[in-house]
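Observations on chain architecture
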Amino acid sequence: MVKISTHINQELCNFVFEIFMKEATNYQFGTRAIHAGQEPDPTTGAVMTPIYQTSTYVQEAPGVNKGYGYARGKNPTRVALEKCIASLEGAKHGICFSSGMGSMDAVIKLLRPGDEVVTGDDLYGGAYRMFTKIFEPYGIKFHFVNMGNLSNVSAKINEKTKLIWLETPTNPTMQIVDIAAISVIAKSKNVLLAVDNTFASPYLQNPLKLGADIVMHSVTKYLGGHSDVVMGALVMNDDQLHERLYFILNSCGANPGPMDSFLVLRGIKTLHLRMERHCQNGRKIAEFLKQHSAVEKIYWPGFEDHPNHTVAKKQMKDFGGMISFTTKNASKETTFRLASSFKVFSLAESLGGVESLVNHPATMTHASIPSAEREKAGVVDSLLRLSVGVEDADDLLADLAQALNAV
Ligand SMILES: *Cc1c(COP(=O)(O)O)cnc(C)c1O
């Protein structure tokens, strides 16, 4: 008897969940952030997705299971998160990885020796390092071009080109690449387009809707949002592409654990609220820096005189909380002093958390890029990058003012 009633409850739960999920695609962003992929626990009704801390699952007979065999391949907490992230990007499929780099590694493993990739010259430092130090020795060729100029991209595409890897806004100089325009080129040449959407987050920008084939996230940043997890994700619409990338995850093993999946599910519930505040604070700080006499250049796509402002307005919902700037006549020493003078901003790598961070790209996030190439891309010694958090704006402005006065 007990067994039967549990069975019925579970069926009912699944039924209600399926109706909800059918409707979920129609819900707006904030509702999906809180609910997508998440059902009340069928055994207890727990509202929060349980942390399925298990490496293996019992089988009814050899090979007969409930869709879960071994946790490298699949874990229910991770599956809930994958559905949630896919929903936020408007994607059919999502796959989570143990880090952003782990997810990027899986995309490059779609390629074979002799294949070529066209990518930006202002990339996340770790991406540049992986492309040149890990995959070039395996015989994959990477072309680093300024993607702001579309003809630079077309010029490097030949019959060996299999992938365009694009990052926008770029890190750390906040250039904006026109995703829709690049996707037209990619489609005409039958080349896959992958977009690193980490800086924008799914709240500000959805590259699949602009024609990309794969979207990558360092979940570590805005999606996680609390600087307590390292994780990556890929989302895509194409079933075959999903199958191939999932095969790579399961074969190579860069899978995240259930506890981290839970933390990110929890973090995502406030993504829309956090992003609104990141954008509000970002605007106030960008405007403050613009009128400050010590500031030389400021990189933020929300200014009308930003070279790609029109594209940013077209493809992003708002302009985000990432801002870089240089100070006038600043030596490396002065810049170091400035970077260490903050009281609310913490001097640290990473970005996208609730707390404000300051970073010196030339010695921190972009140290693995040779200095000549670095400086060509604008990553000079006097450049600082801010990840504007969600604290009270007045405290952040006062902190910036006192730090700029101190040097
Ligand atoms: C941090 C970051 C990555 C790498 O992600 P990890 O989670 O640190 O491995 C990739 N791209 C961008 C834009 C990033 O900021």
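In what follows, the accompanying structure is described. Every value quoted in this text rests on a predicted model; they were computed, and no experiment measured them.

Conventions and cut-offs
Residues numbered from 1 in each chain as written. Predicted model: local features only at pLDDT ≥ 70, side-chain atom pairs only at ≥ 80, totals over all residues. Heavy atoms only, no water. Helix = DSSP H or I, 4+ residues; strand = E, 2+ residues; numbered from the N terminus. Rg over C-alpha atoms; globule rule 2.2 N^0.38 Å. Buried < 20%, exposed > 50% of the residue type's maximum accessible area, 1.4 Å probe, protein only. Near = heavy atom within 4 Å. Polar contact = N/O pair within 3.5 Å; in protein donor to acceptor, adjacent residues only side chain to side chain. Areas by Shrake-Rupley, 256 points an atom, 1.4 Å probe, with all protein chains shown as cover. Axes fitted to C-alpha atoms, helices over the stretch in contact; angles between N-to-C directions. Parallel < 35°, antiparallel > 145°, perpendicular 65-115°, else oblique. Left-handed = near helix turned anticlockwise from the far one by under 90°. Contact = heavy atoms within 4.5 Å. Nonpolar A, V, L, I, M, F, W, Y, C, P; charged D, E, K, R; others polar. Salt bridge = Lys/Arg side-chain N within 4 Å of Asp/Glu carboxyl O. Core = buried A, V, L, I, M, F, W, Y, C linked by side-chain atoms within 4.5 Å. Phe/Tyr/Trp six-rings, centres within 6.5 Å; stacked < 30°, edge-to-face > 60°. Lys NZ or Arg CZ within 6 Å of the ring centre and 35° of its normal. Pairing = 2+ DSSP bridges.

Here we come to the overall build of the protein. Summing up its helical and strand segments, the protein has 15 helices and twelve strands in all. Scaling as 2.2 N^0.38, a compact globule of 407 residues should have a C-alpha radius of gyration of about 22 Å, and the protein matches this with 22 Å. With respect to the principal axes defined by its C-alpha atoms, the protein has extents near 80 × 50 × 35 Å. Out of the 407 residues belonging to the protein, those deemed buried represent 54%.

In this section: helix α4 (residues 100–108). Taking burial as the measure, the nine residues of α4 include eight buried ones, the bulk of the element. For α4, every residue scored as buried is listed here: G100, G102, S103, M104, D105, A106, V107 and I108.

So, about the site of the ligand. The full set close to the ligand counts 15 residues, and M101, D196, S218, T220 and K221 are the nearest of them. Separating an oxygen atom of the ligand from a backbone N or O atom of M101 is a distance of 2.9 Å. For the ligand, whose accessible area on its own is 380 Å², the fraction buried by protein is 93%. Take the shell around the ligand: its biggest share by element is three residues, from α4.

Look at helix α11 (residues 271–290) against helix α15 (residues 393–406): their axes get within 10 Å of each other, and the N-to-C directions meet at 30°. One finds that α11 runs roughly parallel with respect to α15. Of the two elements, α11 crosses α15, and the hand of that crossing is right-handed. Residues N281, K284, I285, F288 and L289 of α11 lie in contact with α15, whose contacting residues are A393, L396, L397, L400, A401 and L404. Split into classes, the residues belonging to the contact of α11 with α15 amount to nine nonpolar, one polar and one charged.

Time to look at the pattern of salt bridges. According to the stated counting rule, one finds seven salt bridges in the structure shown. Note that K162 is salt-bridged to D115, the shortest N-O span being 3.1 Å. On the criterion of sequence distance, the pair formed by K162 in strand β4 (residues 161–167) and D115 in the loop between α4 and β2 (116–120) is long-range, its members being 47 residues apart.

Note that soluble globular proteins tend to have their nonpolar side chains buried in a common cluster. One finds I85, I268, I285, L289, F325 and L386 to be the most contacted residues of the largest nonpolar core, which totals 64 residues. With sequence-adjacent residues up to four places away left out, I85 is seen in contact with C96, V219, L223, A233, V235 and I268. In this structure, I95, M130, F135 and A194 belong to the second largest nonpolar core, which totals 27 residues.

Attention shifts here to the packing of aromatic side chains. According to the stated counting rule, one finds ten aromatic pairs in the structure shown. Measuring from ring centre to ring centre gives 6.3 Å for F135 and Y138, while their planes differ by 45°; the resulting arrangement is tilted. Using a relative accessible area of 6% as the deciding quantity, one classes F135 as buried. On the accessibility criterion, Y138 (59% relative accessible area) is exposed. Ring centres 6.5 Å apart and planes at 25° place the aromatic pair F142 and F144 in the stacked group. The ring of F303 is capped by K290, whose NZ or CZ atom sits 4.1 Å from the centre of that ring.

In terms of burial, strand β1 (residues 93–97) is largely enclosed, as five of its five residues are buried. Two strands pair when backbone bridges link them, and β1 and strand β7 (residues 232–236) are joined in this way by five bridges, in the antiparallel orientation. Residue pairing in the sheet places F97 in a bridge with G232 of β7.

Moving on to the environment of I140. On the secondary structure map, I140 appears in the loop between α5 (125–135) and β3 (141–145). According to the relative accessible area criterion, I140 is buried, its value standing at 6%. Put simply, I140 and I268 are 128 residues apart on the chain and 35 Å apart in space, counted from C-alpha to C-alpha. If we skip the residues at most four places from it in the chain, I140 touches I108, L111, R112, D115, V117 and F135.

Structurally, the position occupied by N281 is in helix α11. Here E391 takes part through its backbone oxygen, which lies 2.8 Å from a polar atom of the side chain of N281. Excluding its chain neighbours within four sequence positions, the residues that come into contact with N281 are V388, G389, V390, E391, A393 and L396.

The strand order across the open sheet formed by seven strands is β1-β7-β6-β5-β4-β2-β3, and the pairing between neighbours is mixed. Strands at the two margins of the open sheet, each flanked by one partner only, are β1 and β3. Neighbour-to-neighbour, the strand axes of the sheet open up by a mean angle of 20°, direction not taken into account. Summarising the sheet, strand β6 (residues 214–218) and β7 pair through five bridges and their orientation is antiparallel. Across the sheet, the residue bridging to V215 is V235, located in β7. Along the sheet, α4 makes contact with β1, β3, β4, β5 (192–196), β6 and β7, crossing β6 at roughly 155°. Sitting on the sheet, helix α9 (residues 239–252) touches β1, β5, β6 and β7, and the angle it makes with β1 is about 15°.

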